[in-house]
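The lines below spell out each chain.
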Amino acid sequence: ALASAPAGAAAPPAAQYLSDAVVATGLVGEPLAVGRAAYGRLVGVATGSLRALTGERGAARVLQRGQKGDPAPPALPVTVALVPPGRIRVAVTMPLEVRSVLPLPPPWGAADASSPRGPSWPLVIDVESEYVVDPSSGTIAEHRLLETRINGRLTPADQLTRWLRGGMGNATLQEGNGLDVLRGIADILGRGR
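Everything numeric in this text was worked out from a predicted model, so none of it was measured.

### Regarding the pairing of strand β2 (residues 31-34)
Then step 1. Bridging between strand β1 (residues 18-25) and β2 involves 3 bridges; their strand directions are antiparallel. When the bridges of β2 are listed, A24 appears paired with A33.
Then step 2. In this structure, the hairpin formed by β1 and β2 is closed by a connection of 5 residues, where G29 is found at a positive phi of approximately 85°.

Below is the structure:
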């Protein structure tokens, strides 16, 4: 485990292959975490949040094969693909069943006979990301968030990102060109696109 990971947190995936200067980037290329310690904390927060959501008192549970009412939570389905040059694409699917945390009036609040916890709804979260390998060291230099979907649909953040990239020529928010991205957004809004 990374020495800087939160207490009780598991090490990030492929921790032994991470560069000391690994960078986690968001949908528009903005840095979310820089360095092993910050990356470990970021992954720890994400996995801790998922554990809280699906834990004993959480509002959701992981479904096996995405079927409502299935028994014990399985390992999450993961797809890994090698993408030249030096990238590894990873897709994770989280099939969940979310139960109501508020008393709802009928018909939404009518008790579901198959669930002792009351009404519930399916929620499938798909996350696609990419690891970029530094060819000189063979370590992971960057972990890019590529896309997130909820029940098969792009999230609002993904839709906004695609819209911005369409009008800005795939610019990314990196150190040094943040003002250019903001100018691009203002330009797009000014044109009424």
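Picking up after the structure, the text goes on.
### Quick look at helix α1 (residues 36-54)
Then step 1. Spanning 19 residues, α1 covers 27 Å between terminal C-alpha atoms, matching the ideal 27 Å at 1.5 Å per step.
Then step 2. Taken together, the buried positions of α1 are A38, Y39, G40, V43 and G44.
Then step 3. Looking at the buried side of α1, the elements it contacts are β1, β2, β6 (120-133) and β7 (140-150).

### Things to note about the pairing of β7
Then step 1. Alignment of β1 against β7, held across 4 bridges, turns out to be parallel. Of the residues in β7, the one forming a bridge with T25 is R144.
Then step 2. Pairing of β6 with β7, which is carried by 9 bridges, proceeds in the antiparallel orientation. The partner of E128 across the bridge, within β7, is E147.
Then step 3. Counting the residues in the hairpin turn of β6 and β7 gives 6 residues, including G138, whose phi is positive at 75°.
Then step 4. Between the end of β7 and the start of strand β8 (residues 153-154), which pair antiparallel, lie 2 residues, with N151 showing a positive phi angle near 50°.

### Focus: the pattern of salt bridges
Then step 1. The full count for this structure, using the stated rule, is 8 salt bridges.
Then step 2. A salt bridge links R144 to E142; the nearest nitrogen and oxygen atoms lie 3.2 Å apart.
Then step 3. Since its relative accessible area comes to 17%, E142 is described here as buried.
Then step 4. Taking the shortest distance from any N to any O, the salt bridge between E147 and R149 comes out at 2.9 Å.
Then step 5. For E147, a relative accessible area of 15% puts it in the buried group.

### Quick look at the nonpolar core
Then step 1. With 10 residues, the main nonpolar core is built from L18, V22, A24, A33, A38, Y39, V43, V90, Y131 and I140.
Then step 2. Elements that contribute at least two residues to this core include exactly β1 and α1.
Then step 3. A60, V62, M94 and I125 belong to the second-largest nonpolar core, a separate cluster that totals 5 residues.

### Notes on the environment of D134
Then step 1. Position of D134 among the secondary structure elements: in the loop between β6 and β7.
Then step 2. Apart from the residues lying within four places of it in its own chain, the contact partners of D134 are T139 and A141.

### Considering the side chain of D158
Then step 1. Along the chain, D158 falls in helix α2 (residues 156-168).
Then step 2. Among buried Asp, Glu, Lys and Arg side chains, D158 stands out as unpaired, with R162 the closest opposite charge at 5.7 Å.
Then step 3. If near-sequence neighbours (up to four positions away) are discounted, D158 is found in contact with L27, L146, E147 and T148.

### Quick look at the confidence of the model for the chain
Then step 1. For the chain, per-residue confidence averages 76 on the pLDDT scale, and residues scoring 70 or more make up 65% of the total.
Then step 2. Least confident of the elements in the chain is helix α3 (residues 178-191), whose mean pLDDT is 60; most confident is β1, at 94.
Then step 3. In this model residues 1-8 is a low-confidence stretch, pLDDT under 50, and it forms 11 contacts with partners more than four residues away in sequence or in other chains.

### Some details on the environment of R149
Then step 1. Assignment of secondary structure puts R149 in strand β7.
Then step 2. The exposure class assigned to R149 is partly exposed, which follows from its relative accessible area of 24%.
Then step 3. Separated by 22 residues in sequence, R149 and V127 have C-alpha atoms that sit 6.6 Å apart.
Then step 4. In this structure R149 touches V124, I125, D126, L154, T155 and R162, once residues within four positions along its chain are discounted.
Then step 5. Polar contacts involving the side chain of R149 include one to the main-chain carbonyl oxygen of G152, which spans 3.0 Å.

What counts, and at which threshold
Residues numbered from 1 in each chain as written. Predicted model: local features only at pLDDT ≥ 70, side-chain atom pairs only at ≥ 80, totals over all residues. Heavy atoms only, no water. Pairing = 2+ DSSP bridges. Helix = DSSP H or I, 4+ residues; strand = E, 2+ residues; numbered from the N terminus. Expected span 1.5 Å × (residues − 1). Buried < 20%, exposed > 50% of the residue type's maximum accessible area, 1.4 Å probe, protein only. Contact = heavy atoms within 4.5 Å. Salt bridge = Lys/Arg side-chain N within 4 Å of Asp/Glu carboxyl O. Core = buried A, V, L, I, M, F, W, Y, C linked by side-chain atoms within 4.5 Å. Lys, Arg positive; Asp, Glu negative; His and termini not counted. pLDDT = per-residue confidence, 0-100. Polar contact = N/O pair within 3.5 Å; in protein donor to acceptor, adjacent residues only side chain to side chain.

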